[in-house]
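The lines below spell out each chain.
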Amino acid sequence: MRLHQCTLSLALLVPVIRAYDYVVIGGGTAGLTVAGRLSEDPSISVAVIEAGPNAEDLPEVFVPGLIATGQSYSTLDWLYPTVPQRNLNGRNLTVNAGKALGGSTVINSMIFPRAEKEQYDVWSQLNNVTEWGWNDLLPFFKKSEAFTPPNDFQVQTGGVRFEPSVHGFNGNVKVGFPNFFFIQSTLWRQASVNLGFPLSPDLANGSPHAVGVAPNSLDAANNTRCSAACAYYTPVASRPNLTVLLNATVSRIIWANTTDYGKLTASAVEFFQGNKSLTVSVEREAIVTAGTIGSPKILELSGVGNRTILSAAGIETVLDLPSVGENLADHVQSWANSFTTLTLTKDQLNLNATFAAEQHDLWFKNRTGLLSAAPRSLGIAAPNDVFNTSKLQSLLKQARDSVKQTAIQFSNGNTKLAKGIQAQLEIALDLYEQGKELPLEMNLEPGYFGPTAFASRPKRTFTAVNSVLHAPLSRGRSHIASSDPFALPNVDPNYWGHPVDVAAQVGGIKLARRMLRTPPMDSIFNGEFEPGDQFQTDEEIEGWLRGVVGSPNHVVGTASMLPEELGGVVDTCLKVYGTSNVRVADASIIPFPVSAHPSSTVYAIGEKVRRFLLANLTFNNNKDSGGRHNQEAYASTRGAPTMLEISPKTMNYHS
């Protein structure tokens with residue numbers, strides 16, 4: 001890391017509309033969590049700058065059964081394209097990420113489990129601390145939740161199981177279970193148990209190697225989605241100390257003319273609304289919560305990152321921090337689909353317009369029917385569910401023999417990061433051997449789910465078993481290629497870059513096929529559709545998968561919480577190395593991917609970072625008045641806008 005003093009003097013050439021104690025860049029999952037918690041103190045002013053709109057009033061957002069319809073995967077989605085993936089036939093994939101207040105919790109599938117305890121413990125192990133393991137995170141998981149326990153119908157008909165000790169009941173995110181269940185989900189859980197999966201007492205208990213009904217980020221009282229906006233913004237939108245600026249694209253963090261003990265100090269954040277360039281001043285801290293792809297982009301646009309990459313993009317380097325944008329990991333989605341003898345599947349919503357209209361009316365009348373829920377039964381597979389012993393040992397030996405070279409290959413020429421990735425891989429391989437690195441999520445979809453468009457597949461009913469690579473060893477990166485803040489970065493997840501990932505995904509399809517044919521699922525099996533009977537050997541299955549796998553949109557790691565000597569970007573208080581008042585708090589800080597859908601974990605990160613912020617606030621309040629960043633320089637901007645009068649309507653405020 002190298003600080004370039006000559007580039008610190010970046011003048012405020014655009015209007016300063018107001019100063020805030022905390023400026024949160026990105027109104028997504030963690031961003032709204034942080035903002036909502038900070039603004040509980042009326043003496044603290046908080047601004048959230050969000051690139052998208054408030055979409056809480058759209059049916060495709062609040063109706064669970066309308067997931068992935070309407071604007072969900074268009075105007076409410078960043079639709080990040082990847083660079084051609086060399087291991088996937090050169091295909092360009094898409095990573096979806098929410099572009100709205102609430103971030104990806106506005107468009108995701110609402111699945112709300114947690115990962116294996118030992119995987120969270122790796123975060124502490126890599127950083128040689130204790131405060132980032134499962135035991136420390138559990139209180140923050142619980143603090144985020146307003147959990148609705150299952151009722152008799154959900155337990156007896158839906159098969160829901162629940163451990164009260166691992167849940168919170170007074171938090172913000174409404175979590176619960178649906179009021180509609182498909183019979184095929186029950187059959188699939190029974191088949192999974194027959195294949196050796198334990199029956200889970202609760203998929204959020206930190207021991208997810210089991211099968212069960214996943215909790216949802218769902219308001220069980222009225223069967224609507226609860227996004228981060230529902231949880232942390234809407235109930236407190238009237239707070240006078242909380243301002244949310246919508247449809248506002250951040251262009252950079254502006255740095256103070258002087259450093260704080262040799263560290264960069266953020267003095268303002270510049271953003272665009274329409275064609276206007278505006279600025280808000282930072283009195284205490286800037287908190288970057290723009291997501292795994294958006295957060296490194298903000299840092300790089302602000303001159304923080306790998307100087308070679310910044311120079312190529314036309315950005316002057318302020319702080320040479322080469323690991324920004326590196327260490328990206330993503331889960332990988334695949335599917336097996338069979339025809340089913342059942343007629344009641346989600347396919348009917350596409351096959352029968354009259355039925356779809358009836359279900360729509362039913363939901364709006366009394367919150368029941370197919371649209372009242374997006375139920376998912378999950379089975380989290382351990383290595384011995386996927387590989388026989390000899391195959392697993394062979395894969396692990398080959399991976400260990402090449403671990404140093406693999407880490408160098410994944411590190412993009414960054415020698416410190418190579419050490420960090422090697423440490424991750426060595427731990428992951430040990431966890432594989434212990435049965436704690438859980439490579440796959442298997443989940444049941446009561447209808448077609450896969451790569452073939454509706455127009456191109458038979459007009460029949462289906463059962464799908466999703467097989468998702470949940471413990472990837474591959475690492476990639478995301479970097480800007482332009483100084484244009486509206487340009488999307490180059491995203492390279494390097495899917496299937498590690499042989500163990502390939503073998504696990506192939507094994508997942510074989511496991512999905514067994515599930516579809518194992519009693520009692522065999523009673524509704526009516527032939528395989530995909531991959532198809534022509535793909536039988538491992539090589540044939542692998543060849544098919546290379547042409548169809550996609551992203552489930554679970555990217556992590558591009559601003560990793562790691563020691564500097566292991567290629568970290570933020571420390572264990574989530575402060576960016578080399579800065580005095582900039583933190584990152586979203587999935588990008590996750591240094592080691594975990595086997596779970598990420599939203600519950602990101603909420604916990606948001607809850608936890610509040611503790612660091614308030615501890616720092618207490619420390620600064622005990623100092624003299626000079627302890628507040630830029631207090632004198634921006635005292636005149638407290639309160640009303642300066643230099644440019646902006647009405648709430650013009651600013652598109654939600655405050």
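Computed from a prediction, not measured in an experiment: that's the story for all the values here.

Thresholds, definitions, all that
- Residues numbered from 1 in each chain as written.
- Predicted model: local features only at pLDDT ≥ 70, side-chain atom pairs only at ≥ 80, totals over all residues.
- Heavy atoms only, no water.
- Pairing = 2+ DSSP bridges.
- Helix = DSSP H or I, 4+ residues; strand = E, 2+ residues; numbered from the N terminus.
- Axes fitted to C-alpha atoms, helices over the stretch in contact; angles between N-to-C directions.
- Expected span 1.5 Å × (residues − 1).
- Buried < 20%, exposed > 50% of the residue type's maximum accessible area, 1.4 Å probe, protein only.
- Arc of directions from axis to C-beta.
- Contact = heavy atoms within 4.5 Å.
- Polar contact = N/O pair within 3.5 Å; in protein donor to acceptor, adjacent residues only side chain to side chain.
- Parallel < 35°, antiparallel > 145°, perpendicular 65-115°, else oblique.
- Left-handed = near helix turned anticlockwise from the far one by under 90°.
- Nonpolar A, V, L, I, M, F, W, Y, C, P; charged D, E, K, R; others polar.
- Disulfide = S-S within 2.5 Å.
- Core = buried A, V, L, I, M, F, W, Y, C linked by side-chain atoms within 4.5 Å.
- Salt bridge = Lys/Arg side-chain N within 4 Å of Asp/Glu carboxyl O.
- 1 Å grid on protein atoms, 1.4 Å probe; cavity = no way out; pocket = protein on both sides within 12 Å on 5 of 7 lines; lining within 4 Å.
- Points joined across faces, edges and corners; volume = space filled by probe spheres on them.
- pLDDT = per-residue confidence, 0-100.
- Phe/Tyr/Trp six-rings, centres within 6.5 Å; stacked < 30°, edge-to-face > 60°.
- Lys NZ or Arg CZ within 6 Å of the ring centre and 35° of its normal.

Trainee: Got a minute to help me understand the sheet that holds strand 20 (residues 440-445) in this structure?
Mentor: The strands making up a sheet are joined through hydrogen bonds of the backbone, oriented either antiparallel or parallel. Spatially, 6 strands are ordered 8-19-20-21-18-24 in an open sheet, and the strand pairing comes out antiparallel. Each edge of the sheet is formed by a strand with only one pairing partner; in this case those strands are strand 8 (211-213) and strand 24 (525-530). Geometrically, the sheet is characterised by an average inter-axis angle of 25° between neighbouring strands, direction not taken into account. As paired elements, strand 8 and strand 19 (residues 377-381) share 3 bridges and run antiparallel to each other. Each bridged residue has a counterpart across the sheet, and for V211 the counterpart in strand 19 is G379.

Trainee: Looking at this structure, I do not really get helix 11 (residues 353-366). What am I missing?
Mentor: One turn of an α-helix holds 3.6 residues; hence residues three or four places apart share an orientation. The end-to-end C-alpha separation of helix 11 is 20 Å, in line with the 20 Å expected for 14 residues at 1.5 Å each. Burial in helix 11 covers these residues: F355, A356, Q359 and W363. Seen end-on, helix 11 carries its buried residues on one side only, within an arc spanning 100°. Within helix 11, the exposed residues directed more than 90 degrees away from the buried face are A353, T354, D361 and K365. Check the buried side of helix 11 and you find it contacts helix 2 (59-62), strand 10 (224-225) and helix 10 (348-351). The backbone nitrogen of T354 lies 3.1 Å from a side-chain oxygen of the residue at the head of helix 11, namely N352. Looking one or two residues past helix 11, R367 carries a phi angle of roughly 60°, positive in sign.

Trainee: What am I meant to see in the sheet that holds strand 22 (residues 476-479) here?
Mentor: With respect to topology, 3 strands assemble into an open sheet ordered 17-22-23, the strand pairing being antiparallel. Whereas interior strands pair on both sides, the edge strands pair on one side only; in this sheet they are strand 17 (326-328) and strand 23 (490-492). Averaged over all adjacent pairs, the angle separating strand axes in this sheet is 35°, with direction ignored. Pairing geometry for strand 17 and strand 22, over 2 bridges, is antiparallel. Residue pairing across strands places L328 opposite G476, the latter belonging to strand 22.

Trainee: Got a minute to help me understand the packing of helix 14 (residues 403-410) against helix 15 (residues 415-434) in this structure?
Mentor: The description of two packed helices rests on the angle between their axes and on the distance between the axes. It is at 8 Å that the axes of helix 14 and helix 15 come closest, and there the two elements cross at 130°. For the element pair helix 14 / helix 15, the angle class is oblique. Where helix 14 crosses over helix 15, the two elements pack in a sense that is right-handed. Contacts from V403, K404, T406, A407, I408 and F410 of helix 14 reach helix 15 at A418, I421, Q422, L425 and E426. Here the contact of helix 14 with helix 15 is composed, by residue class, of 7 nonpolar, 2 polar and 2 charged.

Trainee: I tried to follow unusual backbone geometry on my own but got confused; where do I start?
Mentor: Most peptide bonds take the trans configuration, and most residues that are not glycine carry a negative phi. Note that the residue after P519, namely P520, is joined by a cis bond; omega there is 5°. Residues E530 and P531 are joined by a peptide bond in cis, for which omega reads 5°. Within the element layout of this structure, P531 appears in the loop between strand 24 and helix 17 (538-546). In this structure, M110 is a non-glycine residue whose phi angle is positive, near 70°.

Trainee: What's the story with the state of the cysteines in this structure? I'm lost.
Mentor: Disulfides are covalent bonds that link the sulfur atoms of two cysteine residues. Evaluated as defined, the whole model comprises 1 disulfide. Between the sulfur atoms of C226 and its disulfide mate C230 the distance is 2.4 Å. The disulfide joining C226 to C230 has a torsion of about -90° about its S-S bond and is therefore left-handed. Take C226 and C230: they sit in the same class, and that class is buried.

Trainee: What is the right way to read the nonpolar core from this model?
Mentor: Ranked by size, the top nonpolar core spans 158 residues in total, and within it W123, F271, L545 and L574 carry the most contacts. The greatest single-element share of this core, amounting to 10 residues, is contributed by helix 16 (residues 499-517). Contact partners of W123, with chain neighbours within four places excluded, come to W132, L137, M561, I590, P591, F592, V594, T601 and I605.

Trainee: Looking at this structure, I do not really get the packing of helix 3 (residues 117-127) against helix 4 (residues 134-144). What am I missing?
Mentor: Running from N to C, helix 3 and helix 4 point in directions that differ by 110°, and their axes come no closer than 8 Å. On the basis of their axis angle, the class for helix 3 and helix 4 is roughly perpendicular. Residues K117, Y120, D121 and W123 of helix 3 touch helix 4, and the partners they reach there are W134, L137 and F141. Of the residues that constitute the contact of helix 3 with helix 4, the class distribution is 5 nonpolar, no polar and 2 charged.

Trainee: What is the right way to look at the side chain of S580 in this model?
Mentor: As for its placement among the helices and strands, S580 is situated in the loop between helix 17 and strand 25 (582-584). Given the relative accessible area of 11%, S580 is considered buried. Among the polar contacts made by the side chain of S580, one reaches the side chain of T265 at a distance of 2.7 Å.

Trainee: Can you help me understand the pattern of salt bridges in this one?
Mentor: All told, the structure shown has 22 salt bridges when counted by the stated rule. A salt bridge links E285 to R583; its shortest N-O distance comes to 2.6 Å. Residue E285 is located in strand 14 (residues 276-288), and its partner R583 is located in strand 25; the two are separated by 298 residues in the primary sequence. R477 is the salt-bridge partner of E326, the closest N and O atoms lying 2.9 Å from each other.

Trainee: Quick question: what am I supposed to make of empty space enclosed by the protein here?
Mentor: Using a probe with the size of a water molecule, rolled over the atoms, empty space left in the structure can be pinpointed. Under the defined criterion, the tally for this structure stands at 3 cavities of 30 Å³ or more. Roughly 50 Å³ of volume is contained in the largest cavity. Lining of the largest cavity is provided by H331, H554, V556, I590, V594, A596, P598 and T601. Across the lining of the largest cavity, the residue classes tally to 5 nonpolar, 3 polar and no charged. Taken as a whole, the second largest cavity encloses approximately 50 Å³ of empty space. Around the second largest cavity, the lining residues are D330, V332, L469, P472, S474, P493, Y495, W496 and D501. A class-by-class count of the residues in the lining of the second largest cavity yields 6 nonpolar, 1 polar and 2 charged.

Trainee: Just checking my understanding: could you explain the environment of F182 for this structure?
Mentor: Along the polypeptide, F182 turns up in the loop between strand 7 (173-175) and helix 6 (183-194). On the accessibility criterion, F182 (3% relative accessible area) is buried. In sequence terms F182 and R376 are 194 residues apart; their C-alpha atoms lie 9.6 Å from each other.

Trainee: Would you mind going over the confidence of the model for the protein with me for this structure?
Mentor: For any part of a model where pLDDT is low, the fine detail of the predicted coordinates should not be relied upon. Averaged over every residue, the pLDDT of the protein is 92; residues scoring 70 or more account for 91%. Across residues 4-12, confidence stays below pLDDT 50; counting only partners more than four residues off in sequence or on other chains, it has 24 contacts. Note on residues 624-655: pLDDT under 50 across the span, and 74 contacts to partners over four residues away in sequence or across chains.

Trainee: Any chance you could explain the packing of aromatic side chains here in plain terms?
Mentor: Remark: the centre distance and the inter-plane angle together describe each pair of aromatic rings, the angle taken between the planes. Evaluated as defined, the whole model comprises 25 aromatic pairs. With a centroid separation of 6.3 Å and an interplanar angle of 45°, the aromatic rings of W132 and F612 are classed as tilted. Within this pair, whereas W132 is found in the loop between helix 3 and helix 4, its partner F612 is found in helix 18 (residues 599-621), the two being separated by 480 residues in sequence. Seen in terms of ring centroids, F339 and F529 are 5.5 Å apart; in terms of plane orientation they differ by 50°. Their pairing is tilted. Of the two residues, F339 is situated in strand 18 (residues 332-340) and F529 in strand 24; the sequence distance between them amounts to 190 residues. Comparing F339 with F529 shows no difference in burial state: the two are buried. Sitting over the face of the ring of W363, R367 holds its NZ or CZ atom 3.9 Å from the ring centroid.

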